[in-house]
Amino acid sequence: MEKKQFKTESKRILDMMVNSIYTHRDIFLRELVSNASDAIDKIYYKTLADDTLTFEKDKYYITIASEKENRIVKISDTGIGMTEKELTDNLGVIAKSGSLAFKKENEIKDGYDIIGQFGVGFYSAFMVADNITVISKSFGSDKAYKWESTGADGYTIEPCNKDCVGTEITLKIKENTEDDNFDEFLDENGLKSIIKKYSDFIRYPIKMNISNSKLKEGSETEYEDFVEEKTVNSMVPLWRKNKSELTDEDYNNFYAEKHYGFDKPLKHIHISVDGVISYNSILYIPEKTPYDFYTKEYEKGLELYSNGVLIMNKCADLLPDYFSFVKGIVDSEDLSLNISREVLQHDRQLQLIAKNIKSKIKSELDTLLKNERDKYEIFYKSFGRQLKYGIYSDYGSNKDTLQDLLLFYSSTEKKNVTLDEYVSRMPEDQKYIYYASGETNDRIEKLPQIEMVSDKGFEILYFTDEVDEFAVKMISKYKEKEFKSVSSGDLGIDVEEKENPSIADDKENKELFEYMKTTLSGKVKDVRASKRLKNYPVCLSNDGELTIEMEKTLNSMPNNENVKADKVLEININNDMFKVLKGCFDTDKDKLDLYTNILYNQALLIEGLPISDPVEFTNNICKVML
Ligand code: ADP
Ligand code: MG
């Protein structure tokens, strides 16, 4: 028979899976059981949509059986089954495109991280089995097919016989080696405890033959062994269980079972609401940013169940964009089952649930920030940017919800602080909330523009995300205080003239500055004596609303309209360099032109802006050396 090859990407992962040193190999059973449960869900859903069909509850279950001597474990379900094509399509390709992209970015060394990171489902069975056979008969078909594979060298498919619709997976469990013992996966108790651990809440019965013993009939002392079929899971979904019965591990296992993320969740929120609207929900705040989180590919949403039946995988309407990182499920009795997606969007019940969920998440984050700052910092590192986008979008309508969740690095505290903490520390003579923008904290620390504000003893917030300035522009005022960039024209700091003679000198030097401005032919709006520089010779500042950082961001976007901030070249007239300029103004205009150009380009460099003609700039420097 012709052997079909796995898609190439699949091959590598499969290879790693087979040779996996993964310590939680027992999750293979969780994966196969969850697939079986999905398959029954699908048939259930079909019967709901079709009046001629009825869902006979007793007919839907999962069985797990083992034959110790033959090293065989069988997992069967009476779910929807697979056609020949589905067997090829579903079991012939491993990771979905998204996870493949992730794999490329984060070269995976061995099998260890694979399960957690991809949730490669079905293939995890190759960690414990060296041969897998899948016999399946699809709903509505009278033909059955057998898929068989021993791992990376490919698989075969051929027709076969099977009585009822559903799928039967046979695993040939690996032989024990010096380092590995696989017997646990053949043992009745071993299998039972794995099911209890990961799959207890699966809604369909998971049946196993359990050995037992009883008194022999007619005897009072003699026992005989017998085997009886038992349902080993409790079948109560986790979200319907009592919070007090559940441990962190239960919640973490559920998170992994659902493939919500490859991390451990930072926090879970279990909600049971009974009132105008009734629903149960388990929500998670992940710890790490999903690889595609800040891309267009990322889809937000919660799993939506109506009375225990899955009606939507990712219901986007349940989450505002700024909380799009939240994962989890919602189950409500108040939702109609046959509701279409379009109608669902406008469903009043759903909107009420969404509102309720939003405020629960918000208050959970508030509490985290207040009581577990370390954990909050981890959260913020992963998803803080999303909160800032949330403030900026929708015309700032969510700023009241979100502004107290923001953190920025503080120049004086040397750590992240909230706006509230900042404002509560402000001395009386400080009018504004000061911030400085740049690529990294280190670079901002060295910006000439921060000197004046720092010397005054005022705290400065460091903005390193592109969205930062846009977000605070949207907030506009926090507790009556306006935000002010340290590069803005007017810093709102009164400088007395004797302290800083630059102001007096301003008028005297007017002619010189006017000349320099003309030399720079339109590149700057003005040349001025600086009120903010102490040691550095020059810097750029801006007049008006648009800052230089914002200019950079806006111009890096597609379809940019090439906006320009009103730049001002500020000269430190207390710096010796200024005397040189003055001298040149009186005696050597060519030299003054040269110096003006160099100083302007230096200011650009400090600001992280591109120099329009680097060759000319370096030539100019050489000229000075001669
Ligand atoms: P996932 O469950 O995340 O889609 P898996 O690797 O676990 O990924 O399974 C791949 C696909 O194979 C499933 O999406 C499903 O279409 C199909 N499949 C697996 N097991 C079964 C089963 N027992 N019954 C029907 N289809 C199945
Ligand atoms: Mg699966």
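Residues numbered from 1 in each chain as written. Chains lettered and ligands numbered in written order. Predicted model: local features only at pLDDT ≥ 70, side-chain atom pairs only at ≥ 80, totals over all residues. Heavy atoms only, no water.

The name given to the chain in an unreviewed UniProt entry is Chaperone protein HtpG, and the organism recorded there is Clostridium estertheticum. Per UniProt, the chain carries the Sequence similarities (unreviewed entry) text "Belongs to the heat shock protein 90 family." Per UniProt, the chain carries the Subcellular location (unreviewed entry) text "Cytoplasm". (UniProt positions renumbered as here; feature names shortened; annotations may be inferred.)

Structural notes on the sheet that holds strand β13 (residues 327–332)
In spatial order, the strands read β9-β10-β13-β11-β12; together these 5 strands make up an open sheet with mixed pairing. Strands with a single pairing partner mark the edges of an open sheet, and in this sheet they are β9 (267–273) and β12 (309–315). Ignoring strand direction, the axes of neighbouring strands in this sheet form an average angle of 15°. Across 4 bridges, strand β11 (residues 302–306) lies against β12 in antiparallel orientation. Note on β12: the bridge partner recorded for Tyr305 is Leu310. (Pairing = 2+ DSSP bridges. Helix = DSSP H or I, 4+ residues; strand = E, 2+ residues; numbered from the N terminus. Axes fitted to C-alpha atoms, helices over the stretch in contact; angles between N-to-C directions.)

A few points about the sheet that holds strand β21 (residues 538–543)
Read across the sheet, 3 strands follow the order β20-β22-β21 without closing on themselves; strand pairing throughout is mixed. Edge positions in the sheet fall to β20 (526–529) and β21, since each of these pairs with one other strand and no more. Taken over all neighbouring pairs, the strand axes of this sheet differ in orientation by 35° on average, direction set aside. Here β21 runs beside strand β22 (residues 566–571); their pairing, made up of 6 bridges, is antiparallel. Each residue of the ladder has a partner; that of Asn542, found in β22, is Lys567. Strands β20 and β22 of the sheet are contacted by helix α17 (residues 510–519), whose axis makes an angle of about 145° with β20. (Contact = heavy atoms within 4.5 Å.)

Some remarks on the environment of Glu377
Within the secondary structure layout, Glu377 lies in helix α10 (residues 373–392). With relative accessibility at 25%, the residue Glu377 sits in the partly exposed group. As a C-alpha pair, Glu377 and Asn416 span 39 residues in sequence and 8.2 Å in three-dimensional space. Sequence-distant contacts of Glu377, that is, excluding residues within four places in its chain, are made with Leu407 and Asn416. (Buried < 20%, exposed > 50% of the residue type's maximum accessible area, 1.4 Å probe, protein only.)

Quick notes on the packing of α17 against helix α19 (residues 576–587)
Following both chains from N to C, one finds α17 and α19 inclined at 85°, their axes separated by 11 Å at the closest point. Looking at the two axes, α17 sits roughly perpendicular to α19. Of the residues in α19, those touching α17 at Glu511, Leu512, Phe513, Tyr515 and Met516 are Phe578, Leu581, Lys582 and Phe585. Considered class by class, the residues forming the contact of α17 with α19 number 7 nonpolar, no polar and 2 charged. (Parallel < 35°, antiparallel > 145°, perpendicular 65-115°, else oblique. Nonpolar A, V, L, I, M, F, W, Y, C, P; charged D, E, K, R; others polar.)

Quick notes on empty space enclosed by the protein
Under the counting rule described, the total for this entry stands at 1 cavity of 30 Å³ or more. Volume-wise, the largest cavity comes out at about 70 Å³. Every residue along the wall of the largest cavity is listed here: Ala436, Ser437, Leu447, Glu469, Ser485, Val486, Ser487, Asn542, Thr547, Ile548, Glu549 and Glu607. Broken down by secondary-structure element, the contributors of at least two residues to the lining of the largest cavity are β16 (433–437) and α18 (548–556). Mapping the lining of the largest cavity onto the domain boundaries places at least three of its residues in each of domain 3 (376–485) and domain 4 (502–625). (1 Å grid on protein atoms, 1.4 Å probe; cavity = no way out; pocket = protein on both sides within 12 Å on 5 of 7 lines; lining within 4 Å. Points joined across faces, edges and corners; volume = space filled by probe spheres on them. Domains from an automatic or database assignment.)

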